Amino acid sequence: TKAKAHVIGITGPPGVGKSSLINALIKIIRHNNFSVGVIAVDPSSRKSGGALLGDRARFSVDPKDYNIFIRSLAAKDSLGGISEMTYPCMSVMRSFFDILIVETVGVGQSEISIEDVADSIIFCVQPGSGDTLQFMKSGIIEIPDIICVTKNDLMELSNNTIADLKSSSKYLNSSYDWPIEIMSVSSEKQTGINKLFVLLQKRWKWLQDKNILNKKRYYQDKLWIEKKIKEKIGEFGFKLVK
């Protein structure tokens, strides 16, 4: 089956409101009669190795709506805020849905790996977090295509954070000359969500018109194959040493 889904990666620090944003996006996506899949990567416990996999608790969706599918994955030992199963799972799911959302753990510098599985990346920023310098130092600021300041019902804090990010926009690294958008949203008040959806549709058309989508996906496939080969050779080499 031909891959048809626009794969959207949503990342950002814990508590920033990623799940609420996804909930709000799902409503608009379904309102526009698109099918949607969600891959939610949950952090694994260092002690037990287990993960909560609490997708049902975080996403309020109609169980009778067969055009929505949510899959939880445990991060386990994988760095990069994504599970080692994210790529193969995404490859299958993007053949069945119009839009596929990948939500990452979002625990720091390692979330940069979302770039290796998504067509478009939304980075969520908490208002008043004052983290712009930290983002730049960590390299995360180099990967988003859209930056969303969440909880814009906190008007003053949200406006200050937007101004802070826009003043630092010269440091933003636009891939393929995509004009990076900095915008504010409120999942609770449903403000900015429709604008975000329209922007994602614009981005999807841009990716295809410029033939960037094929380039990105070729690079992602190549990277995944190389990684798997290295892992296998590494395992074999380890056995020889033992």
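Now for a look at the structure at hand. Here the structure is a predicted model, which is why all the values come from computation and not from measurement.

**Quick notes on empty space enclosed by the protein**
Inspection of every chain in the model, using the stated rule, returns two cavities of 30 Å³ or more. The space that makes up the largest cavity amounts to roughly 40 Å³. In terms of lining, the largest cavity is formed by Glu-115, Ile-121, Ile-143, Asp-145, Ser-175 and Lys-216. For the lining of the largest cavity, the residue count by class is two nonpolar, one polar and three charged. A volume near 30 Å³ is recorded for the second largest cavity. Lining the second largest cavity are His-6, Ile-8, Leu-25, Ile-29, Ile-99, Phe-197, Leu-200 and Gln-201. Secondary-structure elements contributing two or more residues to the lining of the second largest cavity are strand E1 (6–11), helix H1 (18–31) and helix H6 (193–209). The greatest single-element share of the lining of the second largest cavity, amounting to three residues, is contributed by H6.

**A closer look at the environment of Lys-195**
By the element assignment, Lys-195 lies in helix H6. It is 9.7 Å that separates the C-alpha atoms of Lys-195 and Ser-184, two residues lying 11 residues apart in sequence.

**Topic: a nonpolar patch on the surface**
Together, Ile-225, Ile-229 and Ile-233 line one region of the surface with nonpolar side chains, adding up to about 300 Å² of accessible area. Looking at where Ile-225 falls in the secondary structure, it is placed in helix H7 (residues 212–241). Judged by its relative accessible area of 48%, Ile-225 falls in the partly exposed class.

**Describing the pattern of salt bridges**
For the structure shown, the criterion picks out seven salt bridges. For Asp-98, the salt bridge goes to Lys-4, with nearest N and O atoms at 3.6 Å. Placement of Asp-98 in the loop between helix H3 (86–93) and strand E4 (99–103) and of Lys-4 in the segment before E1 is noted, with a sequence separation of 94 residues between them. Taking the relative accessible area as the measure of exposure, Asp-98 reaches 23% and is therefore partly exposed. Between Lys-222 and Glu-226 there is a salt bridge whose closest N-O contact spans 3.4 Å. Of this pair, Lys-222 and Glu-226 both sit in helix H7, separated by four residues, roughly a single helical turn. What makes Lys-222 partly exposed here is its relative accessible area of 43%.

**A few points about the sheet that holds E1**
Whether parallel or antiparallel, the strands of a sheet pair through hydrogen bonds between backbone atoms. Within the open sheet, the seven strands sit side by side as E3-E2-E4-E1-E5-E6-E7. Their pairing is parallel. Every other strand in the sheet has two partners, leaving strand E3 (68–74) and strand E7 (181–184) as the edge strands with one partner each. The sheet shows a mean angle of 20 degrees between the axes of neighbouring strands, taken without regard to direction. Contacting E1, strand E2 (36–42), E3 and E4, H3 crosses the sheet at an angle of about 175 degrees to E2.

Criteria and thresholds
- Residues numbered from 1 in each chain as written.
- Predicted model: local features only at pLDDT ≥ 70, side-chain atom pairs only at ≥ 80, totals over all residues.
- Heavy atoms only, no water.
- 1 Å grid on protein atoms, 1.4 Å probe; cavity = no way out; pocket = protein on both sides within 12 Å on 5 of 7 lines; lining within 4 Å.
- Points joined across faces, edges and corners; volume = space filled by probe spheres on them.
- Nonpolar A, V, L, I, M, F, W, Y, C, P; charged D, E, K, R; others polar.
- Helix = DSSP H or I, 4+ residues; strand = E, 2+ residues; numbered from the N terminus.
- Patch = residues over 30% accessible without salt bridge, like charges linked within 9 Å, V, L, I, M, F, W, Y side chains within 5 Å.
- Areas by Shrake-Rupley, 256 points an atom, 1.4 Å probe, with all protein chains shown as cover.
- Salt bridge = Lys/Arg side-chain N within 4 Å of Asp/Glu carboxyl O.
- Buried < 20%, exposed > 50% of the residue type's maximum accessible area, 1.4 Å probe, protein only.
- Pairing = 2+ DSSP bridges.
- Axes fitted to C-alpha atoms, helices over the stretch in contact; angles between N-to-C directions.
- Contact = heavy atoms within 4.5 Å.

Everything listed is a geometric property; what it means functionally is a separate question.
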